[in-house]
Amino acid sequence: MTGRLARIAEHAGVSEATVSRVLNNKSNVAAETRAAVLTSIDVLGFERPSHLRGPMRGGPVGLIVPELTNPVFPLFAQVIQQRLAAKGFTAVLCTQAPGGVAEEDYLPMLLDHDVCGIIFVSGKHAESNSDVSAYQGLVAQGLPIVMINGHRPEIAAPSLSTDERAAVALAFSHLVQLGHERIGLATGQPRYVPSIRKVAEFERQTAVAGMETLIEQTWFTVEGGELAGRSLVERGATAIICGSDLMALGVMRAATQLGLTVPTDLSVVGYDGSDITKYTGPPLTTVRQDVTTMSAAAADALAELVKGHPQPSGDALFAPELLVRGSTARVPLPGD
């Protein structure tokens, strides 16, 4: 019990004595503090005492994410789990991996466990050519679902995305202000909705600026970034906008292998805004997704759907933020 109290107290940011008062349903605890402690109990997977369960507990919710190797997806999962727990729901986290259990395999498992809804993060819905009949079937049978990062208008469900076009525009403008005239885009495969939107905006930006359009589409991974980065450098790029922070790490590795220094010889901009970008060498300039707001909105939308309150099914776009750090600099000039 002592170990459990300590873990809950640390997670909620309160004392063990406060946790004890909440568990014993004492009255001398502020409502916000009580809610924080109960949320921590749920998130950490501990069972609430029977007198604290009450009518607010809503049941299990499926949460399907692509994988956990990209730091942005654990962040999505953490925020969504916490938000759902605060509303009385328990998130059932389902992660995918190449050659492992896939999204379509999780669906019957979740339905067998009587989930009251499912949140999909960058799932099959993010592929522009994927079959969406499974999603449509869930909607048809009345199961609430919410999609994150990959809008498909054929699915009558809430869809929340980072504004990919705005992200590219922010990065491009930043690099132009630094004097770069040969800017490349390294992003994921053409079938992904986020890639399609990034490429469309990049082509628009380069056309307006009268620049050559330098694009390489590989994978949203370190290896994909390395491959794309090498090709773009060989094509004369002095700056590269990346489709993920992991790709940016790959571009930086490719630059090192080619004998270049970031940012003296090559400027690099990432995308996602994961915490690892603070500690790269140099710290990575990146466009940050507002994961906290988007995740909270997704959890709220699902909770409202479970209550029977209809939610908009259009594409809700969340504004990104440019974080300027040490991986971008003024374009090298002759004689520098």
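Residues numbered from 1 in each chain as written. Predicted model: local features only at pLDDT ≥ 70, side-chain atom pairs only at ≥ 80, totals over all residues. Heavy atoms only, no water.

A. Fine view of the overall build of the chain. Along the backbone of the chain there are eleven helices and twelve strands. Relative to the 2.2 N^0.38 estimate, which gives 20 Å for 336 residues, the radius of gyration of the chain is 22 Å and therefore close to what a compact globule would have. With the C-alpha coordinates of the chain rotated into their principal frame, the extents come out at 75 × 45 × 35 Å. A sequence separation of at least 24 residues applies to 70% of the contacts in the chain between residues at least 6 apart. Surface summary for the chain: the accessible area is close to 14800 Å², and the carbon and sulfur share equals 54%. Each charge class in the chain was averaged separately, 26 positive and 34 negative side chains, and the resulting centres sit 7 Å apart. (Helix = DSSP H or I, 4+ residues; strand = E, 2+ residues; numbered from the N terminus. Rg over C-alpha atoms; globule rule 2.2 N^0.38 Å. Contact = heavy atoms within 4.5 Å. Areas by Shrake-Rupley, 256 points an atom, 1.4 Å probe, with all protein chains shown as cover. Lys, Arg positive; Asp, Glu negative; His and termini not counted. Charge placed at Lys NZ, Arg CZ, Asp CG, Glu CD.)

B. How the structure looks around the sheet that holds strand β11 (residues 315-318). Taken in spatial order, the six strands of this open sheet run β2-β1-β3-β4-β5-β11, and their pairing is parallel. With one partner strand each, in any of the chains shown, β2 (89-95) and β11 form the two edges of the open sheet. With direction set aside, neighbouring strand axes in the sheet form an average angle of 20 degrees. Both strand β5 (residues 159-162) and β11 contribute to a ladder of four bridges, which runs parallel. Across the sheet, residue Leu160 finds its bridge partner in β11, namely Ala316. Those strands touched by helix α6 (residues 133-140) are β3 (118-121) and β4 (145-148), and its axis lies near 145 degrees from that of β4. Sheet contacts for helix α11 (residues 291-306): β1 (59-65), β2, β3, β4, β5 and β11; angle to β4, the most-contacted strand, approximately 165 degrees. (Pairing = 2+ DSSP bridges. Axes fitted to C-alpha atoms, helices over the stretch in contact; angles between N-to-C directions.)

C. How the structure looks around the sheet that holds strand β12 (residues 321-323). Reading across from one edge, β7-β6-β8-β9-β10-β12 is the order of the six strands in this open sheet, with mixed pairing throughout. Because the sheet does not close on itself, it has two edges, and the strands there are β7 (214-217) and β12. If you compare each strand with its neighbour and ignore which way they point, the axes differ by 20 degrees on average. Two elements, strand β6 (residues 183-187) and β7, share four bridges in a ladder whose sense is parallel. Counted as the bridge partner of Ala186 is Glu216 from β7. The strands touched by helix α8 (residues 193-209) within the sheet are β6, β7, β8 (239-242) and β9 (267-272), with β6 carrying the most contacts at an inclination of about 170 degrees.

D. Region of interest: the nonpolar core. Of all hydrophobic cores here, the largest spans 25 residues; its most connected members are Phe76, Leu84, Ile119, Val121 and Ile148. A per-element tally of this core places α11 first, with seven residues. Setting aside anything within four residues of it in sequence, one finds Val121 in contact with Leu63, Ile64, Val65, Pro66, Phe73, Phe76, Ile80 and Ile148. Within the second largest apolar cluster, 17 residues are counted, among which are Ala228, Ile240, Cys242 and Met247. (Core = buried A, V, L, I, M, F, W, Y, C linked by side-chain atoms within 4.5 Å. Buried < 20%, exposed > 50% of the residue type's maximum accessible area, 1.4 Å probe, protein only.)

E. View of the packing of helix α9 (residues 222-234) against helix α10 (residues 245-257). It is at 6 Å that the axes of α9 and α10 come closest, and there the two elements cross at 50 degrees. Accordingly, the angle class assigned to the pair α9 and α10 is oblique. Taken as a pair, α9 and α10 cross one another with a handedness that is right-handed. Counted together, Val222, Gly224, Gly225, Glu226, Gly229 and Arg230 of α9 and Leu246, Met247, Leu249, Gly250, Val251, Arg253, Ala254 and Gln257 of α10 form the full contact between these two elements. Classifying every residue of the contact of α9 with α10 gives six nonpolar, five polar and three charged. (Parallel < 35°, antiparallel > 145°, perpendicular 65-115°, else oblique. Left-handed = near helix turned anticlockwise from the far one by under 90°. Nonpolar A, V, L, I, M, F, W, Y, C, P; charged D, E, K, R; others polar.)

Honestly, it's all geometry; don't read function into it.
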